[in-house]
Amino acid sequence: SQTIHQWPATLVQPVGSPLSLECTVEGTSNPNLYWYRQAAGRGLQLLFYSVGIGQISSEVPQNLSASRPQDRQFILSSKKLLLSDSGFYLCAWSSGSVREQYFGPGTRLTVT
Amino acid sequence: AQKVTQAQTEISVVEKEDVTLDCVYETRDTTYYLFWYKQPPSGELVFLIRRNSFDEQNEISGRYSWNFQKSTSSFNFTITASQVVDSAVYFCALSAVDTGRRALTFGSGTRLQVQP
């Protein structure tokens, strides 16, 4: 069966510090991968999605970036965090033939 | 562009009551998928159901049922005999097929609180 992992689970970082969140998927190959952000008490905002290694589509211009160095690995990064980057970051995957997305446990980021 | 509206921000019911969560969507695509997800306090989104635009049959799964009506662009979710464990935020989402865009467009969610 397929599983999706995210780490760290929680993170507290000062403004201006770098960020690296990692997501890995097991049990499937060539998944579509997604990064979402959920601000407190709000819905999900799609940040990036990827249909293959090195292929990244950005939905919202901001100081975040994403990379997919391996088929089942998706990384969300920032060189300098802003207070507005605080939120709950969720990684998700879907297969090419099926539309529903399956989500990881999320990373709760607080920028101080 | 796609849009999903969940007008109910928060609903509070007493255990064993029935509750319906509303979802209205907008899309120009003729082929699309609709979804419901549950987000318990732990935060992880749990997939509940997928419906494609050509299948308007209502679906029932245990205490859960879904009513898809293309004529009103709605995809409502009913929980029968609610339980405390149903307390969560529920999201409706849309995925367009015609444009080839695989990302989901989510509504803002409805927080359901089931009181014992």
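Just so it is clear, the model here is predicted, and its values are computed rather than measured. (Residues numbered from 1 in each chain as written. Chains lettered and ligands numbered in written order. Predicted model: local features only at pLDDT ≥ 70, side-chain atom pairs only at ≥ 80, totals over all residues. Heavy atoms only, no water.)

1. Overview of the overall build of chain A
- Regarding its fold elements, chain A presents zero helices and 11 strands.
- Start at the N end of chain A and walk to the C end: the helices and strands fall as β-β-β-β-β-β-β-β-β-β-β.
- For chain A, the C-alpha atoms occupy an extent of roughly 40 × 25 × 20 Å along the three principal directions.
- When the 112 residues of chain A are sorted by exposure, 47% land in the buried category.
- For chain A, the exposed surface amounts to about 5,100 Å²; the carbon and sulfur share of it is 53%.
- In chain A, the 8 positive side-chain charges and the 6 negative ones have mean positions that sit 8 Å from each other. (Helix = DSSP H or I, 4+ residues; strand = E, 2+ residues; numbered from the N terminus. Buried < 20%, exposed > 50% of the residue type's maximum accessible area, 1.4 Å probe, protein only. Areas by Shrake-Rupley, 256 points an atom, 1.4 Å probe, with all protein chains shown as cover. Lys, Arg positive; Asp, Glu negative; His and termini not counted. Charge placed at Lys NZ, Arg CZ, Asp CG, Glu CD.)

2. Overview of the layout of surface pockets
- Estimated volume of the largest pocket: approximately 490 Å³.
- Taken together, 25 residues line the largest pocket, and the ones lying closest to its centre are Gln 38 and Gly 41 of chain A together with Gln 39, Val 89 and Arg 111 of chain B.
- Broken down by secondary-structure element, the contributors of at least two residues to the lining of the largest pocket are β9 (87-94) of chain A together with β10 (88-96) and β12 (110-115) of chain B.
- Ranked by residues supplied to the lining of the largest pocket, first place goes to β12 of chain B with four residues.
- Taken together, the residues of the lining of the largest pocket break down into nine nonpolar, 12 polar and four charged. (1 Å grid on protein atoms, 1.4 Å probe; cavity = no way out; pocket = protein on both sides within 12 Å on 5 of 7 lines; lining within 4 Å. Points joined across faces, edges and corners; volume = space filled by probe spheres on them. Nonpolar A, V, L, I, M, F, W, Y, C, P; charged D, E, K, R; others polar.)

3. What to know about the packing of aromatic side chains
- Across all of its chains, the model carries 23 aromatic pairs over all chains by this definition.
- Pairing Tyr 64 of chain B with Trp 66 of chain B gives two aromatic rings, centres 6.0 Å apart and planes at 85 degrees, and the pair type is edge-to-face. The pair Tyr 64 of chain B / Trp 66 of chain B is uniform in exposure class, with both members buried.
- Ring pairing ties together the aromatic residues Tyr 34, Tyr 36, Tyr 49, Trp 93, Tyr 102 and Phe 103 of chain A together with Tyr 33, Phe 35, Tyr 37, Phe 47, Phe 91 and Phe 106 of chain B, which thus form one cluster.
- The residue whose ring lies beneath Arg 108 of chain A is Phe 88 of chain A, and the NZ or CZ to ring-centre distance is 4.2 Å. (Phe/Tyr/Trp six-rings, centres within 6.5 Å; stacked < 30°, edge-to-face > 60°. Lys NZ or Arg CZ within 6 Å of the ring centre and 35° of its normal.)

4. Brief notes about the sheet that holds strand β7 (residues 64-70) of chain A
Residue and element names in this part refer to chain A.
- Strands sit in the order β1-β3-β8-β7 across an open sheet of four strands; the sheet is antiparallel. Of all the strands in the sheet, just β1 (3-7) and β7 have a single pairing partner and so form its edges. Averaged over all pairs of adjacent strands, the angle between their axes in this sheet comes to 20 degrees, without regard to strand direction.
- As defined by bridge partners, β1 adjoins strand β3 (residues 19-26) across five bridges and the pair is classed as antiparallel. Residue pairing for β3: Ile 4 is matched across the bridge by Val 25. (Pairing = 2+ DSSP bridges. Axes fitted to C-alpha atoms, helices over the stretch in contact; angles between N-to-C directions.)

5. Overview of the interface of chain A and chain B
- Between chain A and chain B, the contact holds 22 residues from the first and 20 residues from the second.
- Between chain A and chain B, a total of about 1,800 Å² is buried, with carbon and sulfur atoms accounting for 52% of that surface.
- A salt bridge links Arg 50 of chain B to Glu 100 of chain A; its shortest N-O distance comes to 3.2 Å.
- Summed over the shared surface of chain A and chain B, the number is four residue pairs in polar contact (both at pLDDT 80 or more).
- Mapped by element, the contributors of at least two residues to the side of chain A that touches chain B are β4 (32-38), β5 (44-52), β9 and β10 (102-103) of chain A.
- Per-element tally for the side of chain A that touches chain B: the top contributor is β4 of chain A, with four residues.
- In the side of chain A that touches chain B, the residues fall into 11 nonpolar, seven polar and four charged. (Contact = heavy atoms within 4.5 Å. Buried area = accessible area lost by both parts, 1.4 Å probe. Salt bridge = Lys/Arg side-chain N within 4 Å of Asp/Glu carboxyl O. Polar contact = N/O pair within 3.5 Å; in protein donor to acceptor, adjacent residues only side chain to side chain.)

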